[in-house]
Each structure stands twice: as structure tokens, then as C-alpha cells.
Amino acid sequence: MARFTAKVVRFKIIASAEWGTDVKGTDDEGAPKSQIEMSARRISEEMDLLELHQQYMRQREIRHRLTAESTNSRVLWLSVLECATLITISCLQVYFIRSLFNKQHISV
């Protein structure tokens, strides 16, 4: 059954400097950066990373919720089928037991 279900793969690629590469302390033109600018850049990168993690967790929660809902639906229909089967068997048993008691015995 798993081979017929939809499979979704998502990629998000972000190109940014890693922690150790942008520590030279100069911008693109060679002018020295201040500590505040470097801290602001690091905070911005960390916020971007945090946003990515939140998006991933939301998607994961949605996927797990859909899985749980489909499982609950299957359990519901299985329970309905089980109840219908038990009621049918009970009715058939009552019918056969009554038919055994209602038979007229022919005496010889």
C-alpha cells in the first residue's frame, strides 16, 4: 500500500557564510566591520536558521497529524465492521436456537 501513496520531498537551499568563514572583519570593499555589524549578521543568520527549523517542524506536525487522522478513520471503519459482524452473528444464533425449539417432533 505504501508504494501507491504520494511521496513529497522538499528541499530548501540557503547559501550563507558559515561561522568561521566570515570572521575576517572586513566587508566586500575591504573596510573593517564593527563588532555590532558582525553580531547583527550572526543574529540574522541564526534567526534564518530558526525559521527553517520552525517550518520543518510545522510540516512534520502536519504530516503526523494526517497520519493519525487516517489511522483513526481506519480504526473507526474496522470497529463499525466488527459491530455489524457481531450483531449479524448474534441474530443468526438466536434464529437457529429458536428454530431448534420450534421443530415439531414426529412420534412413531
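Keep in mind the model is a prediction, meaning the values are calculated, not measured. What you see as residue numbers is a count from 1 along each chain, following the sequence as written. Local features are withheld for residues below a pLDDT of 70 in this predicted model, meaning they are given only at 70 or higher, and side-chain atom pairs are given and counted only at 80 or more; totals for whole chains, interfaces and linings count all residues. The basis for the side-chain values is all heavy atoms of the structure; hydrogens and waters are excluded.

**Observations concerning the overall build of the protein**
Runs of H or I in DSSP of at least four residues are treated as helices and runs of E of at least two as strands, each being numbered from the N terminus. Looking only at helices and strands, the protein has one helix and zero strands in total. Accessible surface computed for the protein: about 10600 Å², of which carbon and sulfur atoms make up 62%. Here the accessible surface of atoms and residues is derived via Shrake-Rupley with a 1.4 Å probe, and residues count as covered only by protein chains that are part of the display.

**Things to note about a nonpolar patch on the surface**
Residues Val9, Phe11 and Ile13 make up a contiguous nonpolar surface patch of roughly 440 Å² in combined accessible area. Here Ile13 is to be found in the segment before helix H1 (35–102). Of the residues examined, Ile13 reaches a relative accessible area of 79% and is grouped as exposed. A patch consists of residues whose relative accessible area exceeds 30% and which take part in no salt bridge; residues with like charges are grouped when within 9 Å of each other, and nonpolar side chains (Val, Leu, Ile, Met, Phe, Trp, Tyr) when within 5 Å. For this document, the term salt bridge refers to a Lys or Arg side-chain nitrogen within 4 Å of an Asp or Glu carboxyl oxygen. Exposure classes here rest on a 1.4 Å probe applied to the protein chains alone. A residue is buried below 20% of its type maximum, exposed above 50%, and partly exposed in between.

**What to know about the pattern of salt bridges**
In total, this model carries three salt bridges according to the counting rule given. The shortest N-O distance in the salt bridge between Arg41 and Glu45 comes to 3.9 Å. With Arg41 and Glu45 both in helix H1 and four residues apart, this pair spans about one turn of that helix. In this structure, Arg65 engages Glu61 in a salt bridge whose closest nitrogen and oxygen atoms are separated by 3.4 Å. In this pair, Arg65 and Glu61 both sit in helix H1, four residues apart, roughly one turn of the helix. Note on Glu61: relative accessible area 44%, which makes it partly exposed. Overlapping salt bridges, with partners in common, bring together Glu61, Arg65 and Glu69 in one network.

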